[in-house]
Structures are given as C-alpha cells and as structure tokens.
Amino acid sequence: MSLELPAAGSPRGVLAIGRSVRRVRPIILPIVTLTAVLLLWQLAAVRLHIPSVLLPTPSDIAQEMWHALPLLVDQAVPTALDTLLAFAAAAVLGIGLAIVITYSRPLRDTLYPNLVFFQLVPKVALAPLFVIWLGYGSPARVAFAAFISFFPVVISAALGFAGTDPAVLRLCRSLTASEWRSFLLVRFPFALPAIFSGFKVAMTMAVVGVIIGEFISSQAGLGHYILRAGSRLETADVFAALVALSVLGVALYGAVALAELGVRRAYGRR
Amino acid sequence: MALLDAISGADAAVPNGRILRLVLLPLGFAAVMIALWQILCQTLQVRPILLPPPSAVWTVLRDNYAILLDQTLPTLSESILGFVVASVLGVAIAVALTSSRWLREALYPGIVMFQLIPKIALAPLFIVWLGVGETTSVVVAVFIAFFPIVVSTATGLVSAKPEVLQLCKSLTASEWQIFRMVRFPYALPYIFAGMKVGVTMVMIGVVVGEFITAQNGLGYIIMFAAGAGETATVLAAIVLLCVIGLGLYGVIGLAELLVLRWFGGEAPISGVI
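Every chain is numbered independently, its residues counted from 1 as its sequence is written. Labels are handed out in written order, letters beginning with A for the chains and numbers beginning with 1 for the ligands. Reporting of local features is limited, given that this is a predicted model, to residues whose pLDDT is at least 70; pairs of side-chain atoms are given and counted only at 80 or more, and all residues count toward the totals for whole chains, interfaces and linings. Hydrogens and water molecules were not included; the side-chain quantities draw on all heavy atoms of the structure.

## So, the overall build of chain B
Runs of E in the DSSP output that reach at least two residues are strands. Runs of H or I that reach at least four are helices, and both are numbered from the N terminus. A count of helices and strands for chain B gives eleven helices and zero strands. Overall, chain B shows an N-to-C arrangement of helices and strands of α-α-α-α-α-α-α-α-α-α-α. Along the first, second and third principal axes, the C-alpha set of chain B runs to 75 × 60 × 30 Å. In chain B, of all internal contacts separated by at least 6 residues, the share reaching a separation of at least 24 is 72%. With residues, only the protein chains shown are counted as cover, and all accessible areas are computed by Shrake-Rupley using a 1.4 Å probe. On chain B, roughly 13,600 Å² of surface is accessible, and the fraction owed to carbon and sulfur atoms is 72%. Positive and negative charge centroids in chain B, built from 13 and 13 side chains respectively, lie 9 Å apart. Contacts: residue pairs with any heavy atoms within 4.5 Å of one another. Only four residue types enter the tally: Lys and Arg on the positive side, Asp and Glu on the negative side, with His and both chain ends excluded. A single reference atom marks each charge: NZ on Lys, CZ on Arg, CG on Asp, CD on Glu.

In structure tokens:
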C-alpha cells in the first residue's frame, strides 16, 4: 500500500497511483460509504427533527452505548454463553449424526430425507414448546438454538463426507488402511471445507435461536434487553443493544472462520 | 432436492427397488416415529400439556378447522407478499450491484456484514416504526429474506463464463443483450438457490413477527396456545406452518424446473445454506 509520490506528470507515475488506488479502493470505499451513511443519517435526523423515539441520531446511539456499556456487556455475557453452548452441542451432534449417515446406507436412506424436510420447515415455531418443556431458564434457549443450528451442520457434513474423492478411498483400501484410519486421514480432511461452511451457518443460526428464545422467555440477555427497551420506546437503547449484538455475532462468526483457518493449516491445506 | 441427488448421485440410473427404498424408507420412518410417539404418550401417561399424542393434534386440527384456517390465511398472505417483495428487491439490487464496479465495492461488504449479524433482533424496532400489525411481520420477513437473495444473485450474475462474454463482445452484442441472453440465464440457478433460502427466512420472519406483535396469524395462535398450556393447539398450528413452508418451497422448486427448462439451462445447483 505504499503510495510513493512520483514526479508530477510522468505517465508511469500516474499509472502507479492508479494501480495503488485500485488496490486500496475495495477497503476504502466501504468505509467511506458507511461514514457517508452515518453522516447523512445524523444530518437528516437533526434537520428534519425526527423524534428520537422513531430514529435516534448516530451520536445519540454512540452516547447511549458509552453510558450503558457495562450494562450491555453484562447482558451480552448470557447471550454469548448460551450461543456457544448451543453451537457446541449442534456441532458435536451434527457431525456425529453425519458420520452415522455416511457409514450406514439404510440409515442414510431413512434419515436423510427427514433431515432435509426439517431443514425446510419453519422450526422457529417450535420455540414456545421448548419453553413449555424446559422452563423459562437458559436450558430452553440453548436447546432451541442447538435444535435450529443442528440441521445445517448435519447436511453440510454429510455432503462433505460423501463428496470424498472415491479414487483416494480406493487407494486407502488397497493399502489396507482401516476404516477408522481412512476416515481420520482422508474423509475428515476432505470434508473440512463443507463442515466449516455448515458451522458458519450454524453459528449465525445459534445466535438467532438464542435471541428468539430471549424474546419469548428470558429475564436477561441482549434479546430481552432489546425487547424491553423497544416496549419502553427507548429506541436509542434498542440501537445500542443491536450494535452490541452485531459485534457479538460478527465476533462469533469470526471465531469460526479463524478456527477454519487454523484447522485447515494444521491439515496442511490452504 | 438437489441435496438428495448429490448424496445418492453415485447410482443415478436407479432400478425400481431403489426408488421404492428412497421413498418408502423415510416415510416409513416418519410413520413409525409418529406411532411410537402415540404409544409412548398413552402408556407412559405423559401429561398432554407437556406432549399431547398425535391423535390429540389431529383432533384439534379437525375440530377447530375453521378457526385455524382463519389464522392460516394471514400468515400465508404475509409469507407470499414478503417473499415476492424480497425476491424482486433482492434481484434488482443484485443487478445494480453487478452493473457498477463502484457500487459493488462500496456496498457489497456491507451486505455481507448484514448477512452475519442476527437481523431478527431488529424486529422490535419495526414495531416502533410500523406499529403492531401485518405490515410489521411482512417487513421483518422481507428484511431478513432479502440478503441471501442479493448475495446469491450477485454471485450468479458474475459467474457467466468469460469465454462466452468475450464471444458476445466480439459479436458486438450490447450490454443489455449480454445481460438478457447470457448473464441472467447463467445466474438463474443461483437466483433460485437464493430464493430457496429466502423462502425459509421469510417464514422465520413472519412467525417471529407474529410472536412479538401478537395480533393474528399462526405465530399468534402458537404464542397464545403455549401461554394457555394447550400444547396440542401449538402443534396443530406448527403442522399448518410446515404445510405452508413446504408448499412455498415446492412452488419455487417447480418454478425453477420450468424456468430452467425454458432457458435450456443446467441442472439446479444445490442450495445448502
């Protein structure tokens, strides 16, 4: 990104500037756009006298965030813990079931269409049932979030395991590798990209599940905070919590992406 | 169902017995599970508040048919409206994004960012802006279904083979002709993959909207019945929601088949999202 200033007017210098601008543009442009949108929002809200109940200005929201930061962090902790627990459960159960499906043909034929069916129906509607079964506490939210994030993991992992290069598997067999070894050394590494794409969907679903759970049952957490602030028409509060939640969502997603990078590097692939 | 084909793709030319197995086994499994549920509920005397037997759900469906249908209609119309708006808006914005490099570089990262954050949490804001009503449910649904459609369509629009584009240019085709005859048909499988994700998202949006606005619709019935401890009614409403969800998904699958055949396009890509 070094932008060395060349002698003015020399055509090569202009080209160099053009090239480095083009390289920086994909990074600069989104930031500029975001700043412009925030500025416009601020100006419009102030100039048009939009009541802050309807749309608080970005500066109001920043102020609210600053004041409520300890509270927001307090509320973010249960949400984050529930999400991580749900994700872990979904990941373990999902991969487990995907392995079973991969190695047993009758089970695959039996279960897979039903899994796809569940993938398509609006599972969110089951949230109140989890509250009936598990009460108003965190287990209901974790179970519900794990339930909705479980299906993408199974389906991507099963697709990944099934997509292993058959030639490599035959090679393993002819080298008398045990099923377990060829799974560990071939199938699993081959399926990693698919598994992680399932994990990424699952992580966003887990956050959504926990938030919906908090909407309908909770006494704590960011979802509860948002709903309560919304019903009191403290819109700046709602926005502040939304920002906190977005940061949490992106951080959790980033953690999965980072884990993917680490695991794939450990397996010696990009 | 591209998923199914992908996983059992090894034996594409299937004998009759195989098809029978592929259809009968899963259906049989579902039937056995439901039967088991019924038997367990009766023998273990599970309290109906916790888990009513399937027969009780069926009784609710049969006896309260009129009421349930009354509440199904708003949910159905909200879902369809939300889906149509999200699709039109999503495809239009994707076209705009891919037609200008500047626009793409400015907006695309923001759109990807929005994919990652839990947008459902904005639902209470829409109540503040739009009040408690059907509009809120529709707008929440559009808002969360819109992003996957944009991202998928944009990916499709830039995925046309470079050779084909070069050929078009050397044959002096206009940008509009290239778009109509090459880019758009190439993008169709992606558009439909986005729409399939979109339609499940729309259902989530509508149901959550109805959960928290609580005016009418199946989501309202579910919350209301859950609060009253009428679990059988909750399950009956969920059955109807599943029917709506699968119906909409089926319509899109059918439309995909027809449109792709019309364009003589490739097989649908699997939309695992």
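Picking up after the structure, the text goes on.
## What to know about the interface of chain A and chain B
The interface of chain A with chain B comprises 58 residues on the first partner and 56 residues on the second. A carboxyl oxygen of Asp or Glu within 4 Å of a side-chain nitrogen of Lys or Arg is what we treat as a salt bridge. Between chain A and chain B we count zero salt bridges in total. Pairing of N or O atoms within 3.5 Å defines a polar contact, subject to two protein rules: one partner must be a possible hydrogen donor and the other a possible acceptor, and residues neighboring in sequence count only if both atoms are side-chain atoms. Summed over the shared surface of chain A and chain B, the number is three residue pairs in polar contact (both at pLDDT 80 or more). Per-element tally for the side of chain A that touches chain B: the top contributor is helix H3 (residues 105-120) of chain A, with 13 residues. Gly is put with the polar residues, along with every residue not named as nonpolar or charged; the nonpolar set is Ala, Val, Leu, Ile, Met, Phe, Trp, Tyr, Cys and Pro, and the charged set is Asp, Glu, Lys and Arg. Across the side of chain A that touches chain B, the residue classes break down as 44 nonpolar, ten polar and four charged.

## Describing the side chain of Arg187 of chain A
All names here are of chain A. Structurally, Arg187 is set in helix H7 (residues 179-217). Buried charge without a salt bridge: Arg187, with Glu179 as the nearest opposite-charge side chain at an N-O distance of 5.4 Å. With residues up to four places along the chain from it excluded, the contact list for Arg187 reads Thr102, Tyr103, Phe161, Thr164, Leu169 and Ser182. Note on exposure labels: buried denotes an accessible area under 20% of the residue type's maximum, exposed denotes more than 50%, and partly exposed covers the range between, all computed with a 1.4 Å probe on protein chains only.

## Considerations on the side chain of Ser217 of chain A
Residue and element names in this part refer to chain A. Here Ser217 lies in helix H7. The class of Ser217 is buried, set by a relative accessible area of 4%. Among all residues touching Ser217, those that are not within four sequence positions of it are Val131, Tyr136 and Arg141.

## Points about the pattern of salt bridges
Residue and element names in this part refer to chain A. Overall, the coordinates contain seven salt bridges over all chains when judged by the stated rule. A salt bridge links Asp82 to Arg141; the nearest nitrogen and oxygen atoms lie 3.3 Å apart. Here Asp82 is found in helix H2 (residues 58-103), whereas its partner Arg141 is found in helix H5 (residues 138-162), with 59 residues between them in sequence. The burial state of Asp82 is the same as that of Arg141; both residues are buried. A single salt-bridge network, built from bridges that share partners, covers Lys200, Glu260 and Arg264.

## Some thoughts on unusual backbone geometry
Residues and elements named next belong to chain B. One non-glycine residue with positive phi stands out, namely Gln45, at about 55 degrees. Assignment of secondary structure puts Gln45 in the loop between helix H2 (16-43) and helix H3 (54-63). With a phi angle near 55 degrees, Thr172 is a residue other than glycine that sits in the positive phi range. Within the secondary structure, Thr172 sits in the loop between helix H8 (162-170) and helix H9 (175-213).

## Here's the deal with the nonpolar core
Note on terminology: a nonpolar core comprises buried Ala, Val, Leu, Ile, Met, Phe, Trp, Tyr and Cys residues joined through side-chain atoms within 4.5 Å. By size, the foremost hydrophobic cluster in this structure holds 128 residues, and its most contacted members are Phe199 of chain A together with Ile120 and Ile238 of chain B. Considering each element in turn, this core owes the most residues, 17 residues, to H7 of chain A. When residues no more than four places from it in sequence are discounted, the contact partners of Ile120 of chain B are Val208, Ile211, Ile212 and Phe215 of chain A together with Val140, Ile144, Ile204, Gly205 and Val208 of chain B.

## Examining a nonpolar patch on the surface
Residues and elements named next belong to chain A. Nonpolar side chains collect at one region of the surface, where Trp66, Leu69, Val73, Val77 and Leu81 lie side by side and expose about 530 Å² of accessible area between them. Its location among the elements puts Leu69 in helix H2. For Leu69, a relative accessible area of 37% puts it in the partly exposed group. Each patch groups residues whose relative accessible area exceeds 30% and which form no salt bridge, using 9 Å between like charges and 5 Å between nonpolar side chains of Val, Leu, Ile, Met, Phe, Trp and Tyr.

## Comments concerning the confidence of the model for chain A
Residues and elements named next belong to chain A. What pLDDT conveys is the predictor's confidence in a given residue, as a value from 0 to 100. Residue-level pLDDT values for chain A average 85, and 92% of them are 70 or greater. Mean pLDDT values for the elements of chain A range from 79 in helix H1 (residues 11-47) up to 92 in H2. Of the regions scoring below 50 in pLDDT, residues 1-9 engages in seven contacts with residues more than four places distant in sequence or in other chains.

## Digging into the packing of H2 of chain A against helix H9 (residues 235-266) of chain A
Relative placement of two packed helices is described by the angle separating their axes and the distance separating the axes. All names here are of chain A. Under this scheme, a helix contributes an axis fitted over its contacting stretch, all axes are lines through C-alpha atoms, and angles between N-to-C directions fall in the 0 to 180 degree range. Relative orientation of the contacting elements H2 and H9 amounts to 40 degrees, with a least axis distance of 8 Å. Relative to H9, H2 is oriented oblique. Along this stretch, H2 crosses H9, giving a crossing that reads as right-handed. Contact with H2, carried on its side by Ile61, Glu64, Met65, Leu72, Ala76, Thr79, Ala80, Thr83, Leu84 and Phe87, involves Ala236, Asp237, Phe239, Ala240, Ala241, Val243, Ala244, Leu248, Leu252 and Val256 of H9 and no other residues of that element. Among the residues forming the contact of H2 with H9, the class breakdown is 16 nonpolar, two polar and two charged. Each angle receives one of four descriptions, namely roughly parallel if under 35 degrees, roughly antiparallel if over 145, roughly perpendicular if within 65 to 115, and oblique otherwise. Left-handed describes a crossing whose near helix is turned anticlockwise from the far helix through less than a right angle; right-handed describes the clockwise counterpart.

## Digging into the environment of Ile111 of chain B
Residues and elements named next belong to chain B. Among the secondary structure elements, Ile111 is positioned in helix H5 (residues 101-116). Linking Ile111 and Val151, residues 40 residues apart in sequence, is a C-alpha distance of 7.7 Å. Sequence-distant contacts of Ile111, that is, excluding residues within four places in its chain, are made with Leu97, Phe147, Val150 and Val151.

## Here we look at the packing of H2 of chain A against H5 of chain A
Residue and element names in this part refer to chain A. Relative orientation of the contacting elements H2 and H5 amounts to 35 degrees, with a least axis distance of 6 Å. As for how H2 packs across H5, the hand of that crossing is right-handed. Classifying every residue of the contact of H2 with H5 gives 20 nonpolar, four polar and two charged.

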